[in-house]
Amino acid sequence: MRAAAGAGGDLATEENAMKAKAAVLHGAGQKLDVREVDVAAPRAGEVLVRMAAGGVCHSDLHVMQGHLMASLPAILGHEGSGVIADVGPGVTSVKPGDHVLPLWRLSCGDCEYCANGRPALCAAGMQIRMSGRLADGTSRFSMDGKELKHFAGVSTFSQYSVIPERAVLKVPDDIPLEKAALLGCGVITGVGAVINCARVKPGSLVAVFGAGGVGLNVVQGAAIAGAEKIIAVDLLELKLEMARKFGATHTVSAAKGDPVEQVRALTGGRGVDYAFEVVGLPRTVRQAYDSLAKRGMAVAVGVSPTTAEVSVPLLPLVFEERVLTGSMYGSAVPRIDIPKLIDLYRAGKLKLDELLTRTYPIEQINVAYEALERGEVARSVVTFT
Ligand code: CU
């Protein structure tokens, strides 16, 4: 007999549990532990997904480093793609065999924010993220009889994951799953910040601070929106090179002097209409703000440490009518925006093939994160074969 339920409620029982290889984070400051875990069958309103790919995104690294809070121990991963393996009672929107993307921000569909087209701001998403447990207050993951939490409600770094039906989106079968995975976080967050939040107009001048997995998608979002100048700013030459491939018209190395001065010089001293910060640091948010033209908008996209604060000169906010805002999950409605991104990919306007630079087996996930930290990859995924 398996151990009785812990504080979190029912654990996987021997009768209905299956085994899966998964990357577990036991505590902040540790590496991921790839091991076999138990996954219980999906309950009402839940689905079982056989993961095809898990996206190696910086937000998980923030959790590993203790900069972003999460309920631990947990199976990490919030970007991914897979195939429905089983469904719980009452599930009608998907069936076994369907290709799906897990959506890391659960939304209820009924609240003020969902009704207003801002599902990423729904309280249901925060609740599942902080508790690490599904709607009935329990977890479907366990290890040696001990509860493991669901990271962001999706835990894509597991061969099998139980996910709320509302948090999966069916995608067409002909899009390769490894590439489709990137749409669910990196692409929608970056392109969405440009299209949905800033609403960049054709002919605009744009600066992008940080050319990582999300930053490159801000760059290509600005290109899709018809920006005239797209200035990518980064410390690493390799990333600036990648930014050029994604549509940057100019690049600025922050390692070679004040990036604000360099951005201003590239705009004849005027400044940019839109500056996106895709790093998650007060210093770069400030640089984005300082790069603005009159009536310019700075958009913070990067995930910052929980305690980070930023200060900006107040007078230009009024005298120059500047805007400083943030964009969460591409300010998107994933059910509308992800199919549109797929159309753009099919039309050759969204670079997805170029974005996926490496694939690692799940066993090498820590190696994948080391490469991410060194800034070597645009985006990589782990696979479960
Ligand atoms: Cu992400």
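Everything numeric in this text was worked out from a predicted model, so none of it was measured. (Residues numbered from 1 in each chain as written. Predicted model: local features only at pLDDT ≥ 70, side-chain atom pairs only at ≥ 80, totals over all residues. Heavy atoms only, no water.)

1. Describing the domain arrangement of the protein chain
Then comes step 1: The domain architecture assigned to the protein chain consists of domain 1 (2–184 + 355–383) and domain 2 (187–331).
Then comes step 2: The gap between the C-alpha centroids of domain 1 and domain 2 is 30 Å.
Then comes step 3: Opposite the 21 residues of domain 1 that make contact, domain 2 presents 20 residues.
Then comes step 4: At the surface where domain 1 touches domain 2, the tally comes to zero salt bridges.
Then comes step 5: Seen at the junction of domain 1 and domain 2, the total is six residue pairs in polar contact (both at pLDDT 80 or more).
Then comes step 6: Considered class by class, the residues forming the side of domain 1 that touches domain 2 number eleven nonpolar, five polar and five charged. (Domains from an automatic or database assignment. Contact = heavy atoms within 4.5 Å. Salt bridge = Lys/Arg side-chain N within 4 Å of Asp/Glu carboxyl O. Polar contact = N/O pair within 3.5 Å; in protein donor to acceptor, adjacent residues only side chain to side chain. Nonpolar A, V, L, I, M, F, W, Y, C, P; charged D, E, K, R; others polar.)

2. Some words on the nonpolar core
Then comes step 1: Leu 76, Leu 183, Val 187, Val 200, Phe 276 and Tyr 369 are the most contacted members of the largest nonpolar core, which totals 106 residues.
Then comes step 2: Broken down by element, this core gets its largest block of residues, seven residues, from helix α5 (residues 186–198).
Then comes step 3: When residues of this core are assigned to domains, at least three fall in each of domain 1 (2–184 + 355–383) and domain 2 (187–331).
Then comes step 4: Once residues lying within four places of it in the same chain are set aside, the contact partners of Tyr 369 are Leu 32, Gly 55, Val 56, Cys 57, Asp 60, Leu 61, Met 64 and Phe 157.
Then comes step 5: Ala 207, Ile 231, Ala 288 and Leu 292 belong to the second largest nonpolar core, which has 13 residues in total. (Core = buried A, V, L, I, M, F, W, Y, C linked by side-chain atoms within 4.5 Å. Buried < 20%, exposed > 50% of the residue type's maximum accessible area, 1.4 Å probe, protein only. Helix = DSSP H or I, 4+ residues; strand = E, 2+ residues; numbered from the N terminus.)

3. With respect to the coordination of the copper ion
Ideal geometry at a metal centre gives angles of 109.5 degrees when four donors are arranged tetrahedrally and 90 or 180 degrees when six donors are arranged octahedrally.
Then comes step 1: Every protein donor of the copper ion is listed here as Cys 57 (SG), His 78 (NE2) and Cys 185 (SG), and their distances to the metal cover 2.0 to 2.2 Å.
Then comes step 2: Look at where the donors of the copper ion fall in the sequence and you get C-x20-H-x106-C. One end of the pair, His 78, is in the loop between β4 (74–75) and β5 (80–87); the other, Cys 185, is in the loop between α4 (177–180) and α5, and 107 residues separate them in sequence. (Donors = N, O, S within 2.8 Å, 3.2 Å for Na, K, Ca; no water.)

4. So, the pattern of salt bridges
Once the charged atoms of two side chains with opposite charge are near each other, the side chains can pair.
Then comes step 1: Applying the stated criterion to the full structure yields 22 salt bridges.
Then comes step 2: Of the charged contacts in the structure, one is a salt bridge between Asp 98 and Lys 95, with a shortest N-O distance of 3.1 Å.
Then comes step 3: Judged by its relative accessible area of 5%, Asp 98 falls in the buried class.
Then comes step 4: Between Arg 374 and Glu 376 there is a salt bridge, with the nearest N and O atoms lying 2.5 Å from each other.
Then comes step 5: The partly exposed category is assigned to Glu 376, whose relative accessible area is 30%.

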